[in-house]
Amino acid sequence: MDLRSELLKSIWYGFTALDLEKSGKVSKSQLKVLSHNLCTVLSIPHDPVALEEHFRDDDDGPVSSQGYMPYLNKYILDKVEEGCFVKEQVDELCWTLTAKKNYKPGKDNKNVLPGKDAFSLWCLFNFLSEDKYPLVMVPDEVEYLLKKMCMAMSVELNCVELEDFISKDTVQQNGFTVWSFLEMMNSGKVTRGMDQEITSMAIEEVYREIVGDVLKEGYVWKKGQLRRNWKERWFTLRPGTLAYYTSEDRKERQGNIPLDGDCCVEVLPDRDGKRCMFCLKTLSKTYEMSASDTKQRQEWTAAIQTAIRLHTEGKTSLHKDLKLKRREQREQRERRRLAKEEELQRFRALQEEKERKLAELELLKEAQRQAQALLEQDEMRRRQQHDEMQQALEVQLREAEESRASMQAEMILKEEEAERQRKRIKELEGLQTSLEEALHQEIKARQDEEVFRYAQTGLLSEEEEKMKALMALQDEQEEYIRKTQREKQELRQEMENKTRALEEAQRQLEEVRANRHRVDQDVVAAQRKLRQASTNVKHWNVQMNRLMRPVGPGEKRSSGGSFSSFQIPSQRDPGLRLRQRSEEQDDESKENVDSSGAGIGCEGERRLSQTSNGGMDIP
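Conventions used here
Residues numbered from 1 in each chain as written. Predicted model: local features only at pLDDT ≥ 70, side-chain atom pairs only at ≥ 80, totals over all residues. Heavy atoms only, no water. Helix = DSSP H or I, 4+ residues; strand = E, 2+ residues; numbered from the N terminus. Contact = heavy atoms within 4.5 Å. Areas by Shrake-Rupley, 256 points an atom, 1.4 Å probe, with all protein chains shown as cover. Disulfide = S-S within 2.5 Å. Buried < 20%, exposed > 50% of the residue type's maximum accessible area, 1.4 Å probe, protein only. Expected span 1.5 Å × (residues − 1). Phe/Tyr/Trp six-rings, centres within 6.5 Å; stacked < 30°, edge-to-face > 60°. Lys NZ or Arg CZ within 6 Å of the ring centre and 35° of its normal. Pairing = 2+ DSSP bridges. Axes fitted to C-alpha atoms, helices over the stretch in contact; angles between N-to-C directions. Salt bridge = Lys/Arg side-chain N within 4 Å of Asp/Glu carboxyl O.

An unreviewed UniProt entry lists the protein chain under the name Differentially expressed in FDCP 6 homolog, with Salmo salar as the source organism.

Next up, the structure:
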């Protein structure tokens with residue numbers, strides 16, 4: 001965060017404080033005063049001619065923040081030189097402008113912070129707030145700041161009260177504004193009712209550490225360079241410099257030690273009656289110092305090494321670097337959280353898709369029943385609405401009639417009263433002494449009567465208009481009822497058409513199932529015939545193999561039998577040919593299993609007839 005961004009945060013509060021109507025625009029005269037004060041505290045020459053020249057086209061109207069930004073950047077911020085002004089004065093100017101309008105703590109609250117502490121908290125808020133407008137501070141930074149303050153007061157942070165405050169809707173959506181933060185601090189719940197002086201000291205310490213870039217400060221014994229005596233000094237360590245003063249009020253600075261990459265800090269042994277010694281070595285001098293105890297010596301050496309490292313790295317503030325690191329960590333956590341949410345959403349989407357597909361079947365089944373139920377409910381609701389509207393109209397009509405009757409009765413009473421007043425006036429005409437007073441009273445009574453008559457006339461006309469509106473509303477209701485009946489008839493016709501289509505589909509489904517059942521029966525019968533034919537073929541093959549087995553040389557012929565004179569030439573082996581023929585027939589029967597039963601049966605009978613008739617290939 002550069003110097004321009006820090007200045008813009010404070011100037012933004014000053015600009016918005018001048019915007020009394022919260023319209024984003026400020027009058028030109030107020031901007032002149034703001035610009036002049038900024039030039040004064042920033043130690044740059046003020047150029048009123050440039051302001052007049054820049055806004056010459058908008059002399060009468062207000063100037064928006066977008067219109068003021070080019071002038072602010074060109075004629076003020078571009079001329080700012082770091083080190084030529086005190087930034088705290090700029091903050092005090094802007095705080096004075098914005099506190100008068102926005103910071104209004106309750107007077108009866110005992111825990112109200114003093115103006116100096118409120119200003120310090122305002123500066124801390126601007127330092128830790130996000131670089132977005134309007135300026136807000138995220139809850140993590142608020143918790144970090146409160147922990148630093150509680151650590152300075154040596155107490156624990158009341159996390160319960162902080163979480164209760166963070167749980168508010170405005171804080172969760174937008175973050176803390178500086179005014180809500182100051183309101184929380186003024187409530188005293190976070191600090192648990194600590195003494196006002198302790199709280200102020202803690203705020204001052206945290207302010208100097210974060211805004212003032214003070215890495216560490218405190219009393220340390222220092223050995224002189226010339227007289228070589230030991231004196232206790234108040235040291236203030238910042239990135240790149242170590243200054244020491246006479247006392248902690250920091251009014252008389254005794255010296256300033258610049259820190260760079262050539263500096264180093266070393267721990268020294270105890271000597272000269274001093275303990276916990278350490279030294280800071282630069283290119284030109286060596287500074288010997290003594291801390292109060294070992295812990296302080298360790299803290300000082302570590303803090304000086306940190307200051308040297310920051311200066312070497314070109315960083316001017318430790319807390320600016322820490323703020324950037326915390327912001328990066330929050331962004332990483334946010335990215336991880338978004339990734340987890342996306343993964344969870346995808347899982348939920350898949351689960352919902354699965355459930356949706358499972359529910360679609362149930363929805364299709366329930367669609368017809370729900371449609372019928374919705375139709376009946378809609379009809380009942382419309383009838384009920386019509387009855388309620390009719391009753392309301394009748395009640396309004398009766399009330400209007402009663403109001404008109406009461407107004408007519410009042411008119412008659414008023415006329416009678418007026419008649420009596422006229423008679424009384426005639427009777428009092430002779431009384432000279434009381435004439436003026438009675439006359440004034442009568443004039444006043446007549447004026448009141450005329451006003452009341454006009455009011456009654458307006459009520460009667462309004463009553464007639466209401467009657468006309470009621471009649472028009474009744475006609476509109478009747479037209480709505482007729483339209484509803486037509487819609488109901490169309491919906492009923494559509495339901496009947498869908499029912500007939502569903503019945504036709506069910507009938508076609510039953511026919512398909514019956515055809516499939518018949519085909520299954522035909523296939524079973526064909527398979528049964530095929531198995532019977534295959535069994536017959538195998539039986540005859542076995543018989544033929546047994547009967548046609550050839551007689552080898554030297555074997556005795558069987559006496560008797562019808563095949564005793566059967567001779568087979570010696571060139572071929574008929575038994576082997578018969579076995580091959582039977583195996584080929586078995587293979588063909590297996591290949592034709594899927595064919596029709598009748599064709600397979602005929603083929604098996606043909607082969608059986610050939611076998612029984614001696615259809616062998618014998619030469």
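(A) Examining the overall build of the protein chain more closely. A count of helical and extended segments in the protein chain gives 16 helices and nine strands. Relative to all contacts within the protein chain whose residues are 6 or more apart in sequence, the contacts with residues 24 or more apart total 63%. Carbon together with sulfur atoms contributes 51% to the accessible area of the protein chain, which is approximately 41800 Å² in total.

(B) How the structure looks around the state of the cysteines. The full count for this structure, using the stated rule, is zero disulfides. With no disulfide of its own, Cys94 has Cys123 as its nearest cysteine by sulfur position, at a separation of 9.6 Å. On the basis of relative accessibility, which here comes to 0%, the residue Cys94 falls in the buried class. Distance from the sulfur of Cys263, which forms no disulfide, to the nearest cysteine sulfur (Cys264) is 7.6 Å.

(C) Molecular detail of helix H5 (residues 87-102). For H5, with 16 residues, the first-to-last C-alpha span of 22 Å sits near the 22 Å given by 1.5 Å per residue. Turning to H5, its buried residues number three or more, namely Val90, Asp91, Leu93, Cys94, Trp95, Thr98 and Ala99. Buried-residue contacts for H5 involve helix H1 (3-18), helix H2 (28-41), helix H6 (115-128) and helix H10 (178-187).

(D) Quick look at the packing of aromatic side chains. Counted by the stated rule, this structure contains 13 aromatic pairs. On the numbers, 5.4 Å between centres and 65° between planes, the contact of Tyr13 with Trp122 is edge-to-face. With a gap of 109 residues between them, Tyr13 in helix H1 and Trp122 in helix H6 connect regions that are remote in the sequence. Both residues of the pair, Tyr13 and Trp122, belong to the buried class. What links up through ring pairs into an aromatic cluster is the set Trp12, Tyr13, Trp95, Tyr103, Phe119, Trp122, Tyr133 and Trp179. Above the plane of the ring of Phe127 lies Lys323, whose end atom (NZ or CZ) is 5.9 Å from the centre.

(E) Spatial organisation of the sheet that holds strand E6 (residues 253-258). Across the sheet, seven strands lie side by side as E6-E5-E4-E3-E9-E8-E7; this open sheet has antiparallel pairing. At either margin of the open sheet sits one strand with a lone partner, and together these are E6 and strand E7 (264-268). Ignoring strand direction, the axes of neighbouring strands in this sheet form an average angle of 35°. Against the sheet, helix H12 (residues 294-312) makes contact with strand E3 (216-223), strand E4 (230-238), strand E5 (241-245), E7 and strand E8 (277-281), and its axis sits at roughly 105° relative to E3, the strand it touches most.

(F) Seen up close, the environment of Thr499. Positionally, Thr499 belongs in helix H14 (residues 435-547). A relative accessible area of 28% places Thr499 in the partly exposed class. For the pair Thr499 and Gln368, spaced 131 residues apart in sequence, the C-alpha to C-alpha distance is 9.1 Å.

(G) Representation of unusual backbone geometry in the model. Cis rather than trans, the peptide bond between Tyr133 and Pro134 has omega equal to 0°. When you line up the elements, Pro134 lands in the loop between H6 and helix H7 (139-153). Within the chain, Asp213 stands out as a residue other than glycine whose phi angle is a positive 60°. Of note, Arg228 is a non-glycine position whose phi angle comes to about 60°, a positive value. Within the element layout of this structure, Arg228 appears in the loop between E3 and E4. Using a relative accessible area of 39% as the deciding quantity, one classes Arg228 as partly exposed.

(H) Structural context of the pattern of salt bridges. Under the counting rule described, the total for this entry stands at 42 salt bridges. For Asp91, the salt bridge identified is with Lys87, shortest N-O distance 3.0 Å. Of this pair, Asp91 and Lys87 are both found in helix H5, four residues apart, which corresponds to roughly one turn of the helix. Owing to a relative accessible area of 3%, Asp91 belongs among the buried residues under this scheme. Between Arg333 and Asp140 there is a salt bridge, with the nearest N and O atoms lying 3.1 Å from each other.

(I) Focus on helix H11 (residues 196-210). Helix length check: H11 (15 residues) gives 21 Å between terminal C-alpha atoms against 21 Å at 1.5 Å per residue, within 8%. Of the positions making up H11, those classed as buried are Thr199, Ser200, Ala202, Ile203, Val206, Tyr207, Arg208 and Ile210. In this structure, the buried side of H11 is in contact with H5, H6, H7, E3, E4 and helix H13 (318-427).

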